[in-house]
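Below are the chains, spelled out letter by letter.
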Amino acid sequence: IVAVLPMSMALSAPAGRGQDHAVRYAPILSPQQRGEAIGTFVRRWGPYAQQTYGVDVRTWSSRLVGQFAQGDATNIQRSLTRTTFEGAMSELAGVGQRMTDVQVIDKFASPSGVRVGNTTDVTFIPPSDLVFTPIDPCRIADTRNAGGQIPANTNRGFDAHGLTSYASFGGSSTNCSLQYESPKAVVLNVTAVLPATAGYATVYSGSL
């Protein structure tokens, strides 16, 4: 089987869409902006987290570093607009649009809530709660432009995020708004263009 596989991205990351659709958030945050965001977040909510949940601020803030470094840009920006700590944490987790502040506080207060050992996990980032986040279609690979046809009984890998450009795969010369994202799952449109013979192509994940 010979297949040519141009791909277009349709899903970016486990992320949330807010209730205030009129507000436009930057699709990408630079490392400096992410650093400033976590600084603002920790200064605003650190004392509350320590007093209410009994966590050490340094320990708590260090656990947020990964989320602010790789998390969805919109979620991060939305978290800075919430007026309660619990609501802000739900935005970081990508569930802010589905959970009111009261619901989030109840989740924290529940004996069966998010816990690590004997302490409440106030990072509140459920790893299994993936939220669909559509982005503008962006081609990440086109074997007509780079790499050529994929011969039968062979495979070829394409990175779906973390690149400054997808031109090496024959795709867009942009980062497709995914340079700083770390998705747990993606949805792709895969097309075989004028295959030489009938057959099939199998698309599977590598390291996500």
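As shown above, the structure is provided for reference.
To keep things clear, this report deals only with the structure shown in the data block. (Residues numbered from 1 in each chain as written. Predicted model: local features only at pLDDT ≥ 70, side-chain atom pairs only at ≥ 80, totals over all residues. Heavy atoms only, no water.)

Points about the environment of Val42
By secondary structure assignment, the location of Val42 is in helix α1 (residues 31-53). Here the alpha-carbon distance between Val42 and Leu64, two residues 22 residues apart in the chain, equals 9.0 Å. If sequence neighbours within four positions are ignored, Val42 has contacts with Pro47, Val57, Trp60, Ser61 and Leu64. (Helix = DSSP H or I, 4+ residues; strand = E, 2+ residues; numbered from the N terminus. Contact = heavy atoms within 4.5 Å.)

Side note on the packing of α1 against helix α2 (residues 57-70)
At a closest axis distance of 10 Å, the pairing of α1 and α2 adopts a crossing angle of 145°. Along this stretch, α1 crosses α2, giving a crossing that reads as right-handed. Residues Arg34, Ala37, Ile38, Phe41, Val42, Trp45, Gly46, Ala49 and Gln50 of α1 form the contact with α2, whose own contacting residues are Val57, Trp60, Ser61, Leu64, Val65, Phe68, Ala69 and Gln70. Within the contact of α1 with α2, the residues separate by chemical class into twelve nonpolar, four polar and one charged. (Axes fitted to C-alpha atoms, helices over the stretch in contact; angles between N-to-C directions. Left-handed = near helix turned anticlockwise from the far one by under 90°. Nonpolar A, V, L, I, M, F, W, Y, C, P; charged D, E, K, R; others polar.)

Focus: α2
Its 14 residues place the ends of α2 21 Å apart at the C-alpha level, agreeing with the 20 Å of an ideal helix rising 1.5 Å per residue. Maximum bend of α2: about 30°, positioned at Leu64. Restricting attention to buried positions, one finds in α2 the residues Trp60, Ser61, Leu64, Gln67 and Phe68. The backbone nitrogen of Arg58 has a side-chain oxygen 3.1 Å away, supplied by the residue at the start of α2, namely Asp56. (Expected span 1.5 Å × (residues − 1). Bend = angle between axes of the 7 residues up to and from the residue. Buried < 20%, exposed > 50% of the residue type's maximum accessible area, 1.4 Å probe, protein only. Polar contact = N/O pair within 3.5 Å; in protein donor to acceptor, adjacent residues only side chain to side chain.)

Brief notes about unusual backbone geometry
A negative phi angle is the norm for most residues apart from glycine, just as the trans form is the norm for most peptide bonds. With phi around 55°, Cys176 is a residue other than glycine that occupies positive phi space. With a relative accessible area of 5%, Cys176 lands in the buried category. At Ser177, a residue that is not glycine, the phi angle is positive and equals roughly 65°. Along the chain, Ser177 falls in the loop between β4 (138-141) and β5 (188-190).

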